[in-house]
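Chain by chain, the residues run as shown.
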Amino acid sequence: MTFTREKDFGTPEAMGEAVSLTIDGQEIAVPAGTSIMRAAAMVETDIPKLCATDSLESFGSCRLCLVEIEGRAGYPASCTTPVAPGMVVHTESERLRKLRRGVMELYISDHPLDCLTCSANGDCELQDQAGAVGLRDVRFGYEGENHLEGCKDESNPYFTFDPAKCIVCSRCVRACDETQGTLALTVDGRGFASKIAASQDESFLSSECVSCGACVQACPTSALIENTVIEKGTPDRSVVTTCAYCGVGCAFRAEMRGEELVRMVPWKDGKANHGHSCVKGRFAWGYAQHRDRVLNPMVRGAVDEPWREVSWEEAIAHVASEYRRIQKDYGTRAIGGITSSRCTNEETFLVQKLVRQGFGNNNVDTCARVCHSPTGYGLKTTFGTSAGTQDFDSVQYADVILVIGANPTDGHPVFASLMKRRLRQGAKLIVVDPRRIDLVRSPHIEASHHLPLRPGTNVAMLTAMAHVIVTEGLVDEAYVRERCDTEAYAEWAEFVSDPAHSPEAIEELTGVPAADVRAAARLYATGGNAAIYYGLGVTEHSQGSSTVMAIANLAMATGNVGKEGTGVNPLRGQNNVQGACDMGSFPHEFSGYRHVSDNAARAQFEQDWGVALDPEPGLRIPNMLDAATDGTFKGIFIQGEDILQSDPNTKHVAAGLAAMECVVVQDLFLNETANYAHVFLPGSTFLEKDGTFTNAERRIQRVRKVMEPRNGYGDWEVVQLVANAMGLGWTYTHPSQIMDEIARLTPTFAGVNYQMLDERGSLQWPVNAAAPGGTPMMHIDHFVRGKGNFVVTDYVPTDERTGPRFPLLLTTGRILSQYNVGAQTRRTANVNWHEEDRLEIHPHDAENRGIRDGNWVSLRSRAGETTLRALITDRVAPGVVYTTFHHPDTQANVITTDFSDWATNCPEYKVTAVQVTPSNGPSDWQQSYRAQAEQSRRIEPAEPAE
Amino acid sequence: MTRVFVSKDMASVALGADGLARAFADAGCEVVRTGSRGLFSIEPLVEVETDGARIAYGPVGPGDVAAVLDGSHPARIGAIEAHPFFASQQRFTFARCGVTDPLNLADYAANGGWKGLEAAFSLSPQEVVDAVKASGLRGRGGAGFPTGIKWQTVLDTDADEKFIVCNADEGDSGTFADRMLMEGDPYCLIEGMAIAGHAVGATHGYIYIRSEYPFAIEAMREAIARSAGKVAPFTLEVRVGAGAYVCGEETALLDSIEGRRGQVRAKPPLPAIEGLWGKPTVINNVLSLAAVPFILAEGAQAYADVGFGRSRGTMPIQIAGNVKNGGLYEVGFGVTLGELVDEIGGGTASGRPVRAVQVGGPLGAYFPPSMFHLPFDYEAFAQAGGLIGHAGITVFDDSVDMAHMARFAMEFCAVESCGKCTPCRIGSTRGVELIDRIVAKAPRESGALEAMPQIRNTKGAARTHDEEIDLLRDLCDTMKYGSLCALGGFTPYPVLSALDHFREDFGGASALPEAAE
Amino acid sequence: MMSNDERLAYMAEQIYRNFAAQGRDMAIASTVDHIVSFWDPRMKAQAFAMLDDPAVRLSDGARAVFEKLRIETGAVG
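Owing to the predicted nature of the structure, the values given are computational and were not obtained by experimental measurement.

### Things to note about the UniProt feature "domain: 4Fe-4S Mo/W bis-MGD-type" (unreviewed entry) in chain A
Cross-referencing UniProt, the feature "domain: 4Fe-4S Mo/W bis-MGD-type" (unreviewed entry) maps to residues 236–292 of chain A in the present numbering. Helix makes up 9% of residues 236–292 of chain A and strand 35%. Its end C-alpha atoms lie 28 Å apart.

Following this line, the structure appears as structure tokens:
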């Protein structure tokens, strides 16, 4: 793929009926509502422009795009003038050229003429347009008033604002408003003094700017430009690939100079992001080049020894022989593997294949265990498919949006921008969250209802909403009759109608006034298309699966499944959580969610793989660790997951790992889990390999190799090396062959192949004979399972209780700039926004404890203790404290307990009873952990070959 | 008890009307405070009710009470209607101004008030729109767009909510008709807006008044409160402008009402289709809306019968500047510029010869006496390179420096530019710099630009005076045809007209310029 | 912290409690189904071992579930 700029049509696409007009003698039919500018661009007539770009509504400020329209006076701007039937437009004439040159002459009279040394040289619209209009002279000279002395703002680590290069086209301001929805930028001053300002004329870094890059993307000059372009020069080729951060799955152009990545630019044709991005995907890719990356395999005899760098051959041979030895000594089921939601579908598929085919058992699990396993269970039980119902674009048709246990502006920022756009258009918002997340109140957005429930009471809350809907006669009865299991419905309706489940009855429990619950339920049921978006605040509870089913019940009862603008939509945490689940990473099911005891499915795999497969479910991660401490589980292959930091009850995880004889960790960095590893296999980044990711909307998108793996192998190749060392005889030469095997063995993926992905850009599963083009929306005419299944969701409170020793409830979450355990983002300039995890505590609770903002505090639970600094805020309710878990120093999971979801063992991260007290230093655990980590990270380089 | 009438209009008050009113009250008179009659040279004016007629005296002061009351004061005018300044007027819109107590509902009703609204209520919305169309009423704010057609668009656009917005951000220098009407006959505007509401299906209206008009704001607020029952279900509120000239531009005004930075919106979409908060909106000037009650009360034909060419009805013309009889003069279109300046205005106040008249506010063209034959008419003025605008005319005597006035226009534009479009944002500042060089007879020398090695196309030598003048004309061309709104688009009118008619003030060769486009 | 045995019994009891609204018999049956679907053989064996160990104290629900599980899976000991 060579470097080409994406075509810019100037104004957004319109959807009206066809209108015919003539542009420069050429007749063309375009949808009504299309601008003249866009219509012209469609017939390759590029009208000069600076303030227009097709990602933003037209603005009409630069006045370069003037045209002549027969029968109309003056020179209308083609960007703001829509086409009309029979219109005859001329885009070029001596008169227009003179006007355009006149405008350009004014621009250039206030612009530095340093094109040759400008970092945007060759990639500057002002430069291009000056050429296009034929500017040859600036008769005003340079002696007049100007902005050439403006000071650069270099506060943001990723981009620079140079006001001298600014042409005040407002594209950045409009991008911040329309695309991102943060409204951090403004035009300060009037007339000639107009200038772009961040917030109240602050530096970009200290302003409300969230560094999404939309302004940089929109800037036609180098007024806003990536620092990497300033440093490395403009790119010369680009490769379209998929972001490796959250489950939104933004498509990017990796813009390269030779082997070097210059910048990541969100791809306009990306179906999940439509050319938008966030600070992580766009800017935080520097970890791939970070000095901490381990590039050589390493082995050691015991975890207190230093690492020894070895050859790939030696490392792989060691792994294979250790696993075979353990199985000989302790039995076939004594080893297992963990697949990664950060790796590609192909890699995940291979790891589970390694376990099932090579290890001969089903001891494979994935990090989705700790995030979205309840989604799989809950939605499969109610709807019949372990996946969300809609694509992201569907939110544009929603009239009511219910966000529960999710914080999209931090966790899924690009989707949040789309959602906020819809909210600004007037859709109503209900937020169910213990914390006052940003969505509750942000510029031009205000939730109609915020139900700040006590952590752990989701099921009670949802059942109370159902109570209102059923007892007030708001059920969509026709829908239920036609689409759902009516017997199950009747049972459920009777259950929720019990006065014990009324909002009034549970008010004491949830802490939310009954009237608010009633109003929210009525709005959800009667406000038009209603869509539910949820995240880990739903799943990571003792009742995670119940909550998912309670959500599904609400959606079915109100007829909100199977059409645009509705549905039940899990926001997936990691880039490939959906894919990892799809690929058969769970110990009880093969790819495509077929149980291992399903003889037909098993036979298919047995035939393809040439071995007999275990019909019994394998161990889940927590059970593996239990078995390890019991002495029956001795070896594990962990690809791209840091279970020590990410899984609950760190001490228990550490004990499990310590009890094993061969822990193999494959990762980019020596992560926390690697402290307990015997073999370390270097991993490759998403930039270094081919494959696919599947995002939260079941969208399968290509990951493309833009550079050679620095560690020598793509992760799929490493798994193949291990498999072959164990005698499996795999022969993949490209991930496309793995996808072909996936398609062969997985009915929902039957029609997926790389050629089709390249042609279409992406595909949403199921892709098969029944849906050859994929399935953007599920359950349209009937549920996948046949009739929608209402499930009685009794509220069974967690056994984690507050009391005199632990009077507060801790809940956890993420922040925009950091990603999960932070292994990647902590190794980028994103630390500028979030250097440490802080404990949010309500002023009332802080006052009672003598805690001031910024004080070190000790956070203690039944499981453990840590210290961190306090942040006093009323975003959390009294009695609730909150922290993020991005920094290993804090070890928030030392605190979390091993209570978990009853159905899936997804850990209860969101509810821990704690006490907070003033402190003046790290806890004992933190100190000893630091010492241990330091010791276990020692590396002895390989002996130099002499 | 003797009833006397004294204006409480802001201009009259500035001339001492409050003291006069107090003096009459102290003398035991019943003082009725009215709006202004509109001729400032006779202010402070008092009218004494004598045998059912009103005898006017002016200008008079507090010390003149006794002489006025005994009829001996030399400033006796007699019946005001007979005064030459008033006798020749056709007061359709300002009929009650200066006559009634502005806030007295009974006074309003007794002087023909509400007749238009009652007539409108008896008609269908389409019939009301048809009447306004038939009257030939055009927007009095300056653009002259037919009001009925605008209303028709709003009527035809389906929406759950529509608005009537009155533009009372009267910011042109030398204009005061909006203020006089709002202070002197606020119910007339309310009635016009209520009729508009009925005609297009709007139930709420906003009056956007500039903050410099505290009396008008107060009068309108009070009048809205008092007449609420009369215009119900139509409701109204006053919004106070934030001081930017550009907020008088209709789309910037909508932004301002919505609570945003007042910036010009590109059209389309037309405000009539997507206006305030995206809803169909009638946005009209005070004088347009205030003309409507007459049209409904007296019939479209009565209005259309007056006028000239395609400019029908009357225009409240504001005569200001260096002029003897400054004030408000309402008359049918067609009166000539010369009649207005010399006969009605009475020539300059300084007594020196008239040199230039600017018509249409600070961005209107300057006309020399050689063009005084021009009839007051949208088309005639446009053809002569000018515009009627809000019908303010400002008179200058022969001491005026027209290059300085051209510079003032550019400077005004630079100060008031919202900064959105490039021709206005950068062009106005370059215009000031350029005229400064022209006036100083110091054409631009080869400078920093030419010193740049990469700049090889520019003429290396110093520029000539004529080249600078040509550049000014080019700049005016770019601004006139390239600007987004009338601020940048009209700034070239005073500049080019000064150049065309008063070239001698710009120095250099005095060759006759080519006709302006 | 719980021992591994305790945790297994706790898991069974927790599943049972979440089905309890269905009534005891149905809840036991549903819990057994759930365990059959999701527990690995070692965990099931451990459950049966607990049934036979008089030192282990199981809740009513967990005991009923494990007993029925043993019968259903044919692992009668």
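### Structural notes on the interface of chain A and chain C
Note: interface size is frequently given as the accessible area lost on complex formation between the parts. Between chain A and chain C, the contact holds 35 residues from the first and 22 residues from the second. At the boundary of chain A with chain C, total buried surface from both sides reaches about 2400 Å², with 51% on carbon and sulfur atoms. Counting the surface chain A buries against chain C, the share from its top three residues, P617(A), V796(A) and W902(A), is 24%. Between the two partners, chain A and chain C, sit 5 salt bridges. If you look at where chain A meets chain C, you find 13 residue pairs in polar contact (both at pLDDT 80 or more).

### A word on the domain arrangement of chain A
All names here are of chain A. Taken domain by domain, chain A consists of domain 1 (18–132), domain 2 (159–289), domain 3 (300–371 + 576–747), domain 4 (373–570) and domain 5 (808–935). Centre-to-centre separation of domain 2 and domain 4, based on C-alpha positions: 34 Å. Listed per partner, the contact involves 19 residues of domain 2 and 14 residues of domain 4. Buried surface at the junction of domain 2 and domain 4, summed over both partners, amounts to about 1200 Å²; 58% is from carbon and sulfur atoms. Three residues stand out in domain 2 for area buried against domain 4, namely G181, L183 and V248, and they jointly supply 31% of the buried area on that side.

### Observations regarding the pairing of strand β17 (residues 428–432) of chain A
Residue and element names in this part refer to chain A. When you tally the buried positions in β17, you get 4 out of 5 residues, the bulk of the element. When strand β16 (residues 400–404) meets β17, the two strands line up parallel, connected through 5 bridges. Bridge assignment links V403 to a residue of β17, and that residue is V431.

### Looking at the packing of aromatic side chains
Residue and element names in this part refer to chain A. Per the counting criterion, the structure on display carries 47 aromatic pairs over all chains. On the numbers, 5.8 Å between centres and 80 degrees between planes, the contact of Y377 with W902 is edge-to-face. Remark: W902 occurs in the loop between β35 (880–884) and β36 (912–918) and Y377 occurs in helix α10 (residues 373–382); sequence separation between them is 525 residues. Comparing Y377 with W902, the two get one shared label, buried. Relative to W765, the ring of F749 lies with its centre 6.4 Å away and its plane at 35 degrees, an arrangement referred to as tilted.

### Regarding the nonpolar core
Residue and element names in this part refer to chain A. Counting residues in hydrophobic clusters, the biggest one holds 75 residues, and the most contacted among them are F159, L224, I401, F415, M419 and L429. The element that contributes the greatest number of residues to this core is helix α12 (residues 413–424), accounting for 5 residues. For F159, the residues in contact, after removing those within four places along its chain, are D153, F204, C209, S211, C215, V216, L224, I225, E226, N227 and F283.

### Regarding helix α23 (residues 492–501) of chain B
All names here are of chain B. Counting buried positions along α23 gives 8 out of 10 residues, so the element sits mostly inside the fold. Those residues of α23 not exposed but buried are P492, Y493, P494, V495, L496, S497, A498 and L499. At its buried positions, α23 is contacted by β14 (354–359), β15 (365–367), α17 (402–416), α19 (427–439), α21 (465–482) and α22 (486–490).

The rules behind the values
- Residues numbered from 1 in each chain as written.
- Chains lettered and ligands numbered in written order.
- Predicted model: local features only at pLDDT ≥ 70, side-chain atom pairs only at ≥ 80, totals over all residues.
- Heavy atoms only, no water.
- UniProt positions renumbered as here; feature names shortened; annotations may be inferred.
- Helix = DSSP H or I, 4+ residues; strand = E, 2+ residues; numbered from the N terminus.
- Contact = heavy atoms within 4.5 Å.
- Buried area = accessible area lost by both parts, 1.4 Å probe.
- Salt bridge = Lys/Arg side-chain N within 4 Å of Asp/Glu carboxyl O.
- Polar contact = N/O pair within 3.5 Å; in protein donor to acceptor, adjacent residues only side chain to side chain.
- Domains from an automatic or database assignment.
- Buried < 20%, exposed > 50% of the residue type's maximum accessible area, 1.4 Å probe, protein only.
- Pairing = 2+ DSSP bridges.
- Phe/Tyr/Trp six-rings, centres within 6.5 Å; stacked < 30°, edge-to-face > 60°.
- Core = buried A, V, L, I, M, F, W, Y, C linked by side-chain atoms within 4.5 Å.

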